[in-house]
Amino acid sequence: MGGVSDMQTLQRTGSLELEVKDWKVNRIYRVVAFDHDMLSFAEKRFGEWPLVVITNPKAARFMAPKHEPLGKIQHSTHIRLLVFSPNKIVSVTVFINEEQVGQAEHVEGPLYVLPWKPNNFAEGMHNMKVIAKDSANQVSESSQEFSMDGSRPLQRLAGAIVLMTDIPALFLSLYVIEVLVLVIPLIVIRRNTRPIPNYQQDAISKALVYLVHHDFFFYSLLLMGLYPAIGPWIFGQMVQDRVGVSLLYGIYVEGKWIPEKFSYTIIFMDMLLIQLPITIFLAVCISYRKNQTIQRVRFKSGPIVQFVKNVFKVVGGLVCHALLIPAIIWQWYECVCIRRCYGTLGLFLSPAFLWRFVLFFVLILKAYVVGRKQTNPGNGKS
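Treat the numbers as computed from the prediction; the structure is a model and nothing was measured. (Residues numbered from 1 in each chain as written. Predicted model: local features only at pLDDT ≥ 70, side-chain atom pairs only at ≥ 80, totals over all residues. Heavy atoms only, no water.)

> Describe the pairing of strand S4 (residues 38–45), listing the residues and the values that go with them.
Remember that side chains alternate between the two faces of the sheet whenever the strand is regular. Within S4, six of the eight residues are buried, leaving the element largely enclosed by the surrounding structure. Pairing of strand S3 (residues 28–35) with S4 involves eight bridges; the strand directions are antiparallel. Following the sheet pairing, Arg-30 is matched in S4 by Glu-43. Connecting the antiparallel pair S3 and S4 is a turn made up of two residues, with His-36 showing a positive phi of about 50 degrees. (Buried < 20%, exposed > 50% of the residue type's maximum accessible area, 1.4 Å probe, protein only. Helix = DSSP H or I, 4+ residues; strand = E, 2+ residues; numbered from the N terminus. Pairing = 2+ DSSP bridges.)

See below:
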């Protein structure tokens, strides 16, 4: 994830989850090594040398006590390092707690070792730093914290949250919350109110009453909010030359069910960027036209009051229309992705995307028509 650069954590199962940093843009790669069944790794930008991997002692942050024999560190006799460079390594200097321990000696290949006494570091956290230099005068510094008593630094919060969170379950839960906030109240209001609101009600309540008692808008919003959870999304070529159907919970193709959870993220974004703006727009648009008709009949305002009202109406109208712009862009982007992934057939047979996009514009046009005709709020029809 672009916003979280250090996605590495110890999962609840005791296993490490280590997302490698970006290669596409920054050309970061990783070298992994196992030393006496303990995993160590180092990351480096491509073309930068030398590369140093400290394999013993293992970094405290990445200790996995349930799966690694960490006790071997306490009984080890040497610090062990892997040093890589296309040029000859000139020196490998080791520091512990900012004090120089000595020069590591080359054994074979990339392996360098240095005798040590782990008992001198039996308690708490300690820092090891290695400075390697090659014959091209390139210098690299690598450091990590280690411990003998199981002490470990705190996990990086952002990366741990992302990696330890069940993302599909989170977005599915957020979608349910969105339904409870954006869809269920419409049903409740329709069942418990009259088509003509009480004029002592606040503006929001009046707007929602007008909206839910217009049959076309009410059932369209229910369809847009609930259909993605129960109906098919796309009919088309799910894989090459094989027609299937995509739903919220997975893909069905050639008699096989393939679970898919990324769709939970899509349905959450759809509710946030489409359902919410269109609901606000329709409620405001219909309420404005209804109130405009009533005020012309019942009230007369002075020029100053009328000017202020007109300013607020213009600003409110601009805001409501601005809410539709992200919704239109998002739906256009979804349709483009559907066309690329599932072809033209998949795009035209996508009730949850292209058909909803069409319905979205129909609702907008219908709102303008209702406004011009200034319908009677008592019959619920245009």
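Alright, that's what it looks like, and here's the rest.
> A description of the sheet that holds strand S11 (residues 125–134) should follow, citing residues and the corresponding values.
Across the sheet, which stays open at both edges, the four strands sit in the order S8-S7-S11-S12 with antiparallel pairing between neighbours. Each edge of the open sheet is held by one strand with a lone partner, namely strand S8 (99–103) and strand S12 (139–147). Taken pair by pair, the neighbouring strands of this sheet meet at an average axis angle of 25 degrees, ignoring direction. (Axes fitted to C-alpha atoms, helices over the stretch in contact; angles between N-to-C directions.)

> Describe in detail the sheet that holds strand S15 (residues 250–253), supporting the description with residues and values.
Pairing is antiparallel across the open sheet formed by four strands, whose spatial order is S13-S14-S15-S16. Of all the strands in the sheet, the pair left with one neighbour each is strand S13 (234–239) and strand S16 (256–259). Neighbour-to-neighbour, the strand axes of the sheet open up by a mean angle of 35 degrees, direction not taken into account. The sheet contact formed by S13 and strand S14 (residues 242–247) spans five bridges and is antiparallel. Within S14, the position partnered with Ile-234 by the bridge is Ser-246.

> Please set out a nonpolar patch on the surface residue by residue, giving values where relevant.
A surface patch of nonpolar side chains, amounting to about 510 Å² of accessible area, comprises Val-176, Ile-177, Leu-180, Val-181, Ile-184 and Val-188. Elements that contribute at least two residues to the nonpolar patch include exactly helix H3 (167–182) and helix H4 (184–192). Tallying contributions element by element places H3 first for the nonpolar patch, with four residues. Within the secondary structure, Leu-180 sits in helix H3. Accessibility expressed as a relative area gives 52% for Leu-180, which makes it exposed. (Patch = residues over 30% accessible without salt bridge, like charges linked within 9 Å, V, L, I, M, F, W, Y side chains within 5 Å. Areas by Shrake-Rupley, 256 points an atom, 1.4 Å probe, with all protein chains shown as cover. Salt bridge = Lys/Arg side-chain N within 4 Å of Asp/Glu carboxyl O.)

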